[in-house]
Amino acid sequence: MNVQTRRPANAPHTADATTVEESLAIQEEQSKFDSTDATDVAMQNTLLTPRFYTTDFDELDAIDVSSVREDWDHLIDQMVSDPNKGHFKKNEDWDHVDWDGMEPELKKEFIDFLISSCTAEFSGCVLYKEMKRRGANKDITQLFQLMARDEARHAGFINDALREAGVAVNLGFLTQKKKYTYFRPKFIYYATYLSEKIGYARYITIFRHLQAHPEHRFHPIFKWFEEWCNDEFSHGEAFALLMKTDPKLTSGMNVYWIKFFLTAVYATMCVRDHQRPAFHKALGVDPDWYAHEVYTKTSKLTQQIFPITLDIEHPRWQPTLVKLQKANADLAAAADQGRVFAKIGAQIRAATAFVSLITIPARKHQVPSSTRMEPAY
């Protein structure tokens, strides 16, 4: 594990960078001190870890936003105004963190949470930056430049928090070496839109909970979650507008794809959160309560563009999530112990649980004429 050096007082910071290129250059300079341990964790590719994506950039570049021009210009003007410039860096509100005195299991799970969050943010940055680099459509390249700027700031800020613990992710190494997964543009829309909206719901739920119960705020980074999740909200709005330009994306057979991505994202979140019991105990939240709060908020938000929501009150929903969690835990144990048949059995149980979730009838609703929303939580 590398020894970290203190940032010079006058060193440039990712929070003040106005372009993604400037932010990445700052992070490249810092990466010489980063930890190979954290980078190795970020390099993992499993069903539950954040991935890097690539897509058909020519298809993205051909999008015509004329049909949503008024809402589009309003959103772009808001993002250009850059309300969070300079925000994502430590200031006098950053309390001292006693990493050496932190309970070992909490420390392990919290570092895992930070590495996963950093990788997810940087994944968005890489995808958005590539679209900006390859495209010629001014509307699309401007949007992706702005979103890449935001995601680079988030990743840099999380890496600052990790460096205090003696670890950090070498983001430049990830860009070059991490495996990329190809998704068709419509799958990028569904997955990324949901990632941004559920990210907003997750961060704002934690932020509001810790406002009411500050005794559970065991790390200062949670104080920054409101502005962070508002960036996530804006990015979700952008993908809603992109989908609005082509009504076929949210109708017909594509509704089945929407249901698949909703189910997969909700299920993945639930399984992953139950892998961090010490983290949630320290926050003072029950993972099942937290999941239901996030699902409820996300379902309300996604009504802006998706014609269905999942029935999270269905009598089969919660018991099946429990079965999925148990199957995943048994799968991990079997893999660690080299028990092949137990691993196969756990995989079958997990697949059966997912099928049970996805076959719960969805709730239908009328999509509003305008997708634009404002943060409401």
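Residues numbered from 1 in each chain as written. Predicted model: local features only at pLDDT ≥ 70, side-chain atom pairs only at ≥ 80, totals over all residues. Heavy atoms only, no water.

Colleague: Explain the overall build of the protein chain to me, please; I cannot follow it from the model alone.
Modeller: Broken down by element type, the protein chain carries 14 helices and four strands. Burial analysis of the protein chain (377 residues in total) assigns 52% to the buried set. Here the analysis covers contacts within the protein chain between residues at least 6 apart in sequence; of these, 86% occur between residues at least 24 apart. Carbon and sulfur atoms make up 55% of the accessible area of the protein chain, which totals about 17100 Å². (Helix = DSSP H or I, 4+ residues; strand = E, 2+ residues; numbered from the N terminus. Buried < 20%, exposed > 50% of the residue type's maximum accessible area, 1.4 Å probe, protein only. Contact = heavy atoms within 4.5 Å. Areas by Shrake-Rupley, 256 points an atom, 1.4 Å probe, with all protein chains shown as cover.)

Colleague: Before we go on, may I ask you to explain the pattern of salt bridges in this structure?
Modeller: It is possible for side chains bearing opposite charge to pair when their charged atoms get close. In the structure shown here, the tally under the stated rule is 21 salt bridges. Linking Arg133 and Glu130 is a salt bridge whose minimum nitrogen-to-oxygen distance equals 2.5 Å. With Arg133 and Glu130 both in helix H5 (residues 104-134), this residue pair falls three residues apart, about one helical turn. Of the residues examined, Arg133 reaches a relative accessible area of 55% and is grouped as exposed. Notably, a salt bridge pairs Glu374 with Arg372, separated by 3.6 Å at the nearest N-O pair. Taking the relative accessible area as the measure of exposure, Arg372 reaches 17% and is therefore buried. (Salt bridge = Lys/Arg side-chain N within 4 Å of Asp/Glu carboxyl O.)

Colleague: Hey, could you run me through the packing of helix H8 (residues 185-212) against helix H12 (residues 287-302) in this one?
Modeller: Working note: a packed helix pair is described by the angle between its axes plus the distance between those axes. One way to put it is that H8 packs onto H12 with a least axis distance of 9 Å and a crossing angle of 130 degrees. Between H8 and H12, the angle falls in the class oblique. The two elements H8 and H12 cross, and the hand of that crossing is right-handed. Together, Tyr193, Leu194, Lys197, Ile198, Tyr200, Ala201, Arg202, Ile204, Thr205 and Ile206 of H8 and Trp289, Tyr290, Glu293, Val294, Lys297, Thr298, Leu301 and Thr302 of H12 make up the contact between the two elements. Split into classes, the residues belonging to the contact of H8 with H12 amount to eleven nonpolar, three polar and four charged. (Axes fitted to C-alpha atoms, helices over the stretch in contact; angles between N-to-C directions. Parallel < 35°, antiparallel > 145°, perpendicular 65-115°, else oblique. Left-handed = near helix turned anticlockwise from the far one by under 90°. Nonpolar A, V, L, I, M, F, W, Y, C, P; charged D, E, K, R; others polar.)

Colleague: In this structure, what is going on with H8? I would like to understand it.
Modeller: The end-to-end C-alpha separation of H8 is 40 Å, in line with the 40 Å expected for 28 residues at 1.5 Å each. Among the 28 residues that make up H8, 24 are buried, leaving the element largely enclosed by the rest of the structure. (Expected span 1.5 Å × (residues − 1).)

Colleague: Any chance you could explain unusual backbone geometry here in plain terms?
Modeller: Trans peptide bonds make up most of the peptide bonds, and negative phi angles are found at most residues other than glycine. Of note, Asp82 is a non-glycine position whose phi angle comes to about 55 degrees, a positive value. Mapped onto the fold, Asp82 is located in the loop between helix H4 (69-80) and H5.

Colleague: Sorry, what's going on with the side chain of Arg202 here?
Modeller: Relative to the elements of secondary structure, Arg202 occurs in helix H8. For Arg202, a relative accessible area of 15% gives the class buried. When sequence neighbours within four positions are dropped, the list of residues in contact with Arg202 reads Phe113, Met269, Asp273, Tyr290 and Val294.

Colleague: So what exactly am I meant to see when it comes to the environment of Gln366 here?
Modeller: If you trace the backbone, Gln366 turns up in the segment after strand S4 (363-364). On the accessibility criterion, Gln366 (74% relative accessible area) is exposed. Sequence separation between Gln366 and Ile305 is 61 residues; the distance between their C-alpha atoms is 9.3 Å.

Colleague: Is there a simple way to explain the confidence of the model for the protein chain in this structure?
Modeller: With 88% of its residues at a pLDDT of 70 or more, the protein chain shows a mean pLDDT of 88. Highest mean pLDDT in the protein chain belongs to strand S3 (residues 308-309) (98); lowest belongs to helix H2 (residues 36-43) (52). Across residues 1-9 the pLDDT falls below 50, and counting only partners more than four positions away or on other chains, this stretch makes 18 contacts in the model. (pLDDT = per-residue confidence, 0-100.)

Colleague: Honestly, the packing of H8 against helix H9 (residues 225-244) in this entry has me stumped. Any pointers?
Modeller: Running from N to C, H8 and H9 point in directions that differ by 155 degrees, and their axes come no closer than 8 Å. Classified by the interaxial angle, the pair formed by H8 and H9 is roughly antiparallel. Pair H8 / H9 crosses with left-handed handedness. Its residues assigned to classes, the contact of H8 with H9 comprises 17 nonpolar, six polar and six charged.

Colleague: Would you explain a nonpolar patch on the surface in this entry?
Modeller: Where nonpolar side chains cluster on the molecular surface, the patch consists of Val340, Phe341, Ile344 and Ile348 and spans about 450 Å² of accessible area. Looking at where Ile348 falls in the secondary structure, it is placed in helix H14 (residues 340-358). (Patch = residues over 30% accessible without salt bridge, like charges linked within 9 Å, V, L, I, M, F, W, Y side chains within 5 Å.)

Colleague: Sorry if this is basic, but what is going on with the side chain of Lys259 here?
Modeller: With respect to the secondary-structure elements, Lys259 resides in helix H10 (residues 254-273). In this structure, Lys259 is buried with no salt-bridge partner, the nearest side chain bearing the opposite charge being Asp311 at 9.6 Å. Sequence-distant contacts of Lys259, defined by excluding residues within four places in its chain, comprise Ile308, Leu310, Ile358, Thr359, Ile360, Pro361 and Ala362. (Lys, Arg positive; Asp, Glu negative; His and termini not counted.)

Colleague: In this structure, what is going on with the packing of aromatic side chains? I would like to understand it.
Modeller: The geometry of an aromatic ring pair is captured by two quantities: the separation of the ring centres and the angle between the planes. All told, the structure shown has 37 aromatic pairs when counted by the stated rule. Between Tyr53 and Phe183, the ring centres sit 4.9 Å apart and the planes meet at 35 degrees, which makes this aromatic pair tilted. In this pair, Tyr53 sits in strand S1 (residues 52-54) while Phe183 sits in the loop between strand S2 (180-182) and H8, placing the two residues 130 residues apart along the sequence. Overall, Tyr53 belongs to the partly exposed group, its relative accessible area being 23%. An angle of 55 degrees between the planes, with centres 4.6 Å apart, marks the rings of Phe187 and Trp257 as tilted. Pair noted here: Phe187 is in helix H8 and Trp257 is in helix H10, with a separation of 70 residues, a long-range link. (Phe/Tyr/Trp six-rings, centres within 6.5 Å; stacked < 30°, edge-to-face > 60°.)

Colleague: Hey, could you run me through H9 in this one?
Modeller: Helical geometry note: an α-helix holds 3.6 residues per turn, so side chains three or four residues apart project in the same direction. The end-to-end C-alpha distance of H9, which contains 20 residues, comes to 28 Å, matching closely the 28 Å that a straight helix rising 1.5 Å per residue would cover. Within H9, 16 of the 20 residues are buried, which leaves the element mostly enclosed by the surrounding structure.

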